[in-house]
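Below, each chain spelled out in residue letters.
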Amino acid sequence: MIISMTLELKDIPGQLVLALEPISEFQGNIMGVVHQHEEKTPRGTIPVQVMFEIEQSRLAELTERLEKSGVRVARVGEERLRSSVYVILIGHIVHSDMGDTIDKIDSTGFAEVVELSLSMPGIDKPSSAYLVINAVSDRELDKALDILRDVANRKELLLIETIRLNSGGT
Amino acid sequence: MKTVRISLIGFGAVGQGVASTVLSKRDFLKKQGIDLRFVGITDSKGSEVDENGIDLEAAISRKKDTGSVATGDMTALEIIRNVKHEIMVDVTPTNIDDGEPGLGNMLSAFGAGRHVVTSNKGPLALRFSELNEAAEDNGLFFRYEATVAGAVPIFNLVHEALAGNTVTGIEGILNGTCNYILTRMTEERMPYKLALKEAQELGFAETDPTYDVGGIDAALKLVIIANSIFGTGATYHDVDVTGITKITPEALELASNNNSVIKLVCEAVNGTLKVAPRLVPKRHPLAVGGTLNVASIQTDLAGRITISGKGAGSIETASSILSDIIYIARHV
Ligand SMILES: NC(=O)c1ccc[n+]([C@@H]2O[C@H](COP(=O)([O-])OP(=O)(O)OC[C@H]3O[C@@H](n4cnc5c(N)ncnc54)[C@H](OP(=O)(O)O)[C@@H]3O)[C@@H](O)[C@H]2O)c1
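Calculation criteria
Residues numbered from 1 in each chain as written. Chains lettered and ligands numbered in written order. Predicted model: local features only at pLDDT ≥ 70, side-chain atom pairs only at ≥ 80, totals over all residues. Heavy atoms only, no water. Helix = DSSP H or I, 4+ residues; strand = E, 2+ residues; numbered from the N terminus. Polar contact = N/O pair within 3.5 Å; in protein donor to acceptor, adjacent residues only side chain to side chain. Contact = heavy atoms within 4.5 Å. Salt bridge = Lys/Arg side-chain N within 4 Å of Asp/Glu carboxyl O. Nonpolar A, V, L, I, M, F, W, Y, C, P; charged D, E, K, R; others polar. Pairing = 2+ DSSP bridges. Phe/Tyr/Trp six-rings, centres within 6.5 Å; stacked < 30°, edge-to-face > 60°. Buried < 20%, exposed > 50% of the residue type's maximum accessible area, 1.4 Å probe, protein only. Lys NZ or Arg CZ within 6 Å of the ring centre and 35° of its normal. Arc of directions from axis to C-beta.

Engineer: Tell me about the side chain of Thr147(B), and name the residues and values.
Structural biologist: When you line up the elements, Thr147(B) lands in the loop between strand S6 (142-143) and helix H7 (154-161). A polar contact is formed between the side chain of Thr147(B) and the backbone oxygen of Tyr144(B), at a distance of 2.7 Å.

Given below as structure tokens:
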């Protein structure tokens, strides 16, 4: 699961490392850190937002460890996959190991193929697939699309992307 | 009454469309105080030249009856250089290898002090900057509304009506043949080859369709847009092009089940030029059907503006050419 955690650090050096180390130790995959130096809490601590992927079973243990080391865990929330895009792939999708393609996206931790419809008209004919990909944010979605573009390119599949709905806006 | 003399180089579908449109608008033009006088008309076999003005009706019938407008053998370049006139209208075939004969016609026209109006994409897609400079250096008008999206006034809209705006991006469907094929494949669940055959039988697609279905024609138009609106100096080789030949009826059905259609979309955004099949939501203004063309222009002041209309046809294309001619006639 993807977790967004707000931590409160004491305003002394070395605190960020103290907070991030346990996450890695528990096999968490850190995706983003937002450090707000200017925004002190009334308690004089500095809030930091960390986004990471971790096994659900290890979350409680991690929180406990953080608290013990003096890092206050102010908020823990599951991050939903908020950005979504759909694409169509055409070509010899089955021969080209679709599972592998989906794994590549799912294994990023920040994006996931949540829907797949496949249409196969005949054994030698090209198949068509409709895919929906969700990601935590537009930026991560772009990264997932990059993976797909690369796979499509190498496997000679035609990738049909959606038009940009707000392109070039200012 | 202001007399504006014109040479018409090329007398095919568009050339004859221009002639018959000018004929049918004679009264309107008279009211505007404009007398358009055609002093030279050419096709591939020869030409007719008359400094007092060619009888357009007779020229059209002669072309229909004999296959040629020719009454003499003066060449296009000789007419452009030696017969006195104000506007050279080039409606010769598009050639994307070297732009000829259009490129030579246009450069000679600027050299001889003639304004240029054209529907011929080749020279503009290959040598836009050079042509534009030749026009500017000689203080002449260079108008090419008909080169992109036929009747749809994209350049007028951006340069005249939207003057003062900064265009930040353009997306469009600029090839009617591809749009027709994709529309038919969607509506009838037709395979690509069958839809192409139908388009050929209806005269929308050439016997050699690669130029359309390979996305080349759309890319040429995108290059002209990029040059005219963004001044990028781009050429055909700067466009990332994917055609529609691999689109399956199944893909169109999958798209349709999810409220989308697949269209061959041209896109000029953030300095990149791309022509590729794209998913477009059914209710989006870009989702026009049949042979229609559409352009959606994102601007800083006006926001997004979308116009659509007929991208080809002899009279429709002549509409843009006539509008360019009248623009020049009013300004000289
Ligand atoms: N048709 C459309 O709807 C449309 C729309 C937008 C833009 N355009 C563009 O407009 C241009 C004209 O299209 P079109 O449909 O009218 O083509 P077309 O019917 O093939 O006409 C081309 C004309 O040019 C003549 N020609 C060929 N080589 C020539 C030469 N070296 N010198 C003088 N004349 C020459 C041809 O002579 P012959 O008559 O003796 O063959 C013909 O009269 C093309 O560049 C096309 O891409 C067309």
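Engineer: Describe the interface of chain A and chain B, listing the residues and the values that go with them.
Structural biologist: Contacts between the two partners involve 22 residues from chain A and, on the opposite side, 27 residues from chain B. Counting every contact that joins chain A to chain B gives one salt bridge. Among the salt bridges present, the one from Glu267(B) reaches Arg164(A), with a minimum N-O distance of 3.2 Å. The tally of links from chain A across to chain B stands at nine residue pairs in polar contact (both at pLDDT 80 or more). Residue assignment for the side of chain A that touches chain B shows that the elements contributing at least two residues are strand S5 (83-91), strand S6 (111-119), strand S7 (127-135) and strand S8 (158-162) of chain A. Class assignment for the residues of the side of chain A that touches chain B results in twelve nonpolar, eight polar and two charged. Relative to strand S10 (residues 272-281) of chain B, S8(A) runs parallel, the two being bridged by two bridges. Paired with Glu161(A) across the bridge in S10(B) is Arg278(B).

Engineer: Talk me through the environment of Met98(A); I want residue IDs and the actual numbers.
Structural biologist: Residues and elements named next belong to chain A. Mapped onto the fold, Met-98 is located in helix H3 (residues 98-106). Spatially, the C-alpha atoms of Met-98 and Val-151 are 9.9 Å apart, while their sequence positions differ by 53 residues. If we ignore the near neighbours within four places in the chain, the residues touching Met-98 are Leu-89, Ile-93, Leu-116 and Leu-131.

Engineer: Please give an account of the packing of aromatic side chains that cites residues and values.
Structural biologist: What the rule picks out here adds up to eight aromatic pairs over all chains. When the centroid spacing of 5.5 Å and the interplanar angle of 90° are considered together, the rings of Phe110(B) and Phe142(B) count as edge-to-face. In this pair, Phe110(B) sits in helix H5 (residues 102-111) while Phe142(B) sits in strand S6, placing the two residues 32 residues apart along the sequence. Summarising the burial analysis for this pair, Phe110(B) and Phe142(B) share the class buried. Relative to Phe155(B), the ring of Tyr144(B) lies with its centre 5.1 Å away and its plane at 75°, an arrangement referred to as edge-to-face. In this pair, Tyr144(B) sits in the loop between S6 and H7 while Phe155(B) sits in helix H7, placing the two residues eleven residues apart along the sequence. For the pair Tyr144(B) and Phe155(B), one class covers both residues: buried. Pairwise contacts between aromatic rings join Phe110(B), Phe128(B), Phe142(B), Tyr144(B) and Phe155(B) into one cluster. The ring of Phe110(A) is capped by Lys143(A), whose NZ or CZ atom sits 5.3 Å from the centre of that ring. Its end group placed over the ring of Tyr327(B), Arg143(B) keeps NZ or CZ at 3.6 Å from the ring centre.

Engineer: Please give an account of the pattern of salt bridges that cites residues and values.
Structural biologist: One pass over the structure, following the stated rule, counts 29 salt bridges over all chains. Asp146(A) is paired through a salt bridge with Arg149(A); the nearest N and O atoms lie 2.7 Å apart. Residue Asp146(A) and its partner Arg149(A) are located together in helix H4 (residues 138-154), separated by three residues, close to a single helical turn. Among the salt bridges present, the one from Arg37(B) reaches Asp35(B), with a minimum N-O distance of 3.2 Å.

Engineer: I'd love a proper account of helix H9 (residues 192-201) of chain B, names of residues and values included.
Structural biologist: All names here are of chain B. Regarding H9, the residues found buried are Tyr-192, Ala-195, Leu-196, Glu-198 and Ala-199. Along the axis of H9, the buried positions cluster into a sector of 160°, meaning they face one direction only. The exposed residues of H9 that point more than 90 degrees off its buried face are Lys-193 and Glu-201. Close packing links the buried residues of H9 with helix H8 (176-188) and helix H10 (210-213). Where H9 ends, the next residue or the one after it, Gly-203, has phi of about 85°, a positive value.

These results come straight from atomic positions and should not be treated as a statement about function.
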